[in-house]
Amino acid sequence: MDPDVSVLLECAVWRGLAEAEVQVEVSESFNRQTDAALESHIEEVWAKRVTREPWLFNGSKFRLHSFTFDSSKFPPSQTGCQFTKHLPYCDHPALGCLAAEAGPRLTLRLGLTSYKDFLGTNWSERAGALRRRGETELNDPCGLLAQPLGVGGVLCTSDGKVVLIRRSQRVAEAGGLLDIPGGHPEPQAVCPCVSDGVSQDPISIAAVQRSPKAVVSEIFSSVCAEIRDEVNVPLGSLGGPVLMGVALNHTSAGRPSAEFYVSCSLTSEEVRELYWRGGAEANESTDIVFLSTKLLQLDSSRPLWSELCPSAKGAVLLYQLVRPDASIGPEQTSSDQQKHDEKE
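Residues numbered from 1 in each chain as written. Predicted model: local features only at pLDDT ≥ 70, side-chain atom pairs only at ≥ 80, totals over all residues. Heavy atoms only, no water.

- As recorded in an unreviewed UniProt entry, the chain goes by Nucleoside diphosphate-linked moiety X motif 22 and comes from Gadus morhua.

## Description of the side chain of Thr113
Moving on, step 1. Turning to its location among the elements, Thr113 is positioned in strand β4 (residues 106-114).
Moving on, step 2. Those residues in contact with Thr113, other than ones at most four positions away along the chain, are Gly59, Ser60, Lys61, Phe62, Arg63, Ala146 and Pro148. (Helix = DSSP H or I, 4+ residues; strand = E, 2+ residues; numbered from the N terminus. Contact = heavy atoms within 4.5 Å.)

## As for the sheet that holds strand β2 (residues 22-26)
Moving on, step 1. Taking strand neighbours across the sheet as the criterion, the three strands line up as β2-β4-β3 in an open arrangement whose pairing is mixed. Across the chains shown, the open sheet's two edge strands, defined by having one partner strand only, are β2 and β3 (60-69). Averaged over all pairs of adjacent strands, the angle between their axes in this sheet comes to 35°, without regard to strand direction.
Moving on, step 2. The sheet contact formed by β3 and β4 spans nine bridges and is antiparallel. In the sheet register, Phe62 faces β4, and the bridge partner there is Leu112. (Pairing = 2+ DSSP bridges. Axes fitted to C-alpha atoms, helices over the stretch in contact; angles between N-to-C directions.)

## Considering the packing of aromatic side chains
Moving on, step 1. Scanning the entire structure with this criterion turns up eight aromatic pairs.
Moving on, step 2. Measuring from centroid to centroid gives 5.5 Å for Trp14 and Phe69, while their planes differ by 40°, and the two rings are tilted. Of this pair, Trp14 sits in the loop between β1 (5-10) and β2 while Phe69 is found in strand β3, placing the two residues 55 residues apart along the sequence.
Moving on, step 3. An aromatic cluster is built from Trp46, Tyr115, Phe118 and Trp123, whose rings are joined through pairwise contacts. (Phe/Tyr/Trp six-rings, centres within 6.5 Å; stacked < 30°, edge-to-face > 60°.)

## A few points about the environment of Asp117
Moving on, step 1. Here Asp117 is to be found in helix α2 (residues 115-120).
Moving on, step 2. Spatially, the C-alpha atom of Asp117 lies 5.6 Å from that of Ala146, the residues being 29 residues apart in sequence.
Moving on, step 3. The contacts of Asp117, once residues within four sequence positions are left out, are Arg32, Ile42, Asn122 and Ala146.
Moving on, step 4. Among the polar contacts listed, one links the side chain of Asp117 to the side chain of Arg32, at a separation of 3.3 Å. (Polar contact = N/O pair within 3.5 Å; in protein donor to acceptor, adjacent residues only side chain to side chain.)

## As for helix α3 (residues 127-138)
Moving on, step 1. The first and last C-alpha atoms of α3 sit 15 Å apart over twelve residues, in line with the 16 Å expected at 1.5 Å per residue.
Moving on, step 2. Along α3, the residues that are buried comprise Ala127, Leu130 and Gly134. Projected onto a plane normal to the axis of α3, the buried residues spread over an arc of 55° and lie on a single side. Opposite the buried face of α3, at more than 90 degrees from it, the exposed residues are Arg132 and Thr136.
Moving on, step 3. Buried-residue contacts for α3 involve α1 (36-52) and α2.
Moving on, step 4. Two residues or fewer past α3, Asn139 is found with a positive phi of approximately 60°. (Expected span 1.5 Å × (residues − 1). Buried < 20%, exposed > 50% of the residue type's maximum accessible area, 1.4 Å probe, protein only. Arc of directions from axis to C-beta.)

Written as structure tokens, this is what we have:
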């Protein structure tokens, strides 16, 4: 097991979830807990960072508090940000393991947080102490942490290659390591009070609560926007994102990231050409790398694993568990699928 990353939840039983199968519950009760001393520490950390890096932007972020599966569609229901357990694996709904049912299967419970809060909690030297305090005082090791929800995309080209980008040495985290395209869904994008989508003013929970479907849409669409901006692939060439699950980055105190599988109608060579033309966020990476989907069966024993940043590791783990691109017909048996997996 890699200490840098773990899986919080995975959607293997459905081979991943589409946007219509996910809903959100937004509440102030899902915000982090705090007190005067912690707020003072956060302000101190932020003041020092802004002095060194005056361009920093304190944008609002969604905070992942917990999650639950619809018990009528999948009996076991797990919740809690500290709960890390893989769900039972099922070959495919078409095999009769699970009845195909319409409507949301997964609910993400979200509050609001900010980049400043992230720097002062998850990314702070006191993160470990905050987790221990949260466990003791709140029965929740994440209770005092910002826990901003990130997104990442396993982008698969039409010729079966997965896209990785090498992070610039100038970025704040994991410089020089291989990553998947990713970022954060933005509360500003669903808040009608922020017409230009850019503001450092706090977004109110009430404003976000009015548009729960827009929140889900922002979570799913934001991964495609990140692929467009970081890899320079046009949105029209991307398939609908499939949620594989949520991974935790333990180098930042268990920060969560929703990892998606996204298909692309372009070949790897076409994607490579577009990347080198430069996208909106071309400065965040220095190279593009393509892996066979078979190589995504790699693990910590392979040399390549050490080149992956935690977010990429989490996405690889979820890809291996969920297999969103596996094609299984109702005429196939579990034995047939096992043989298919062994060949890969």
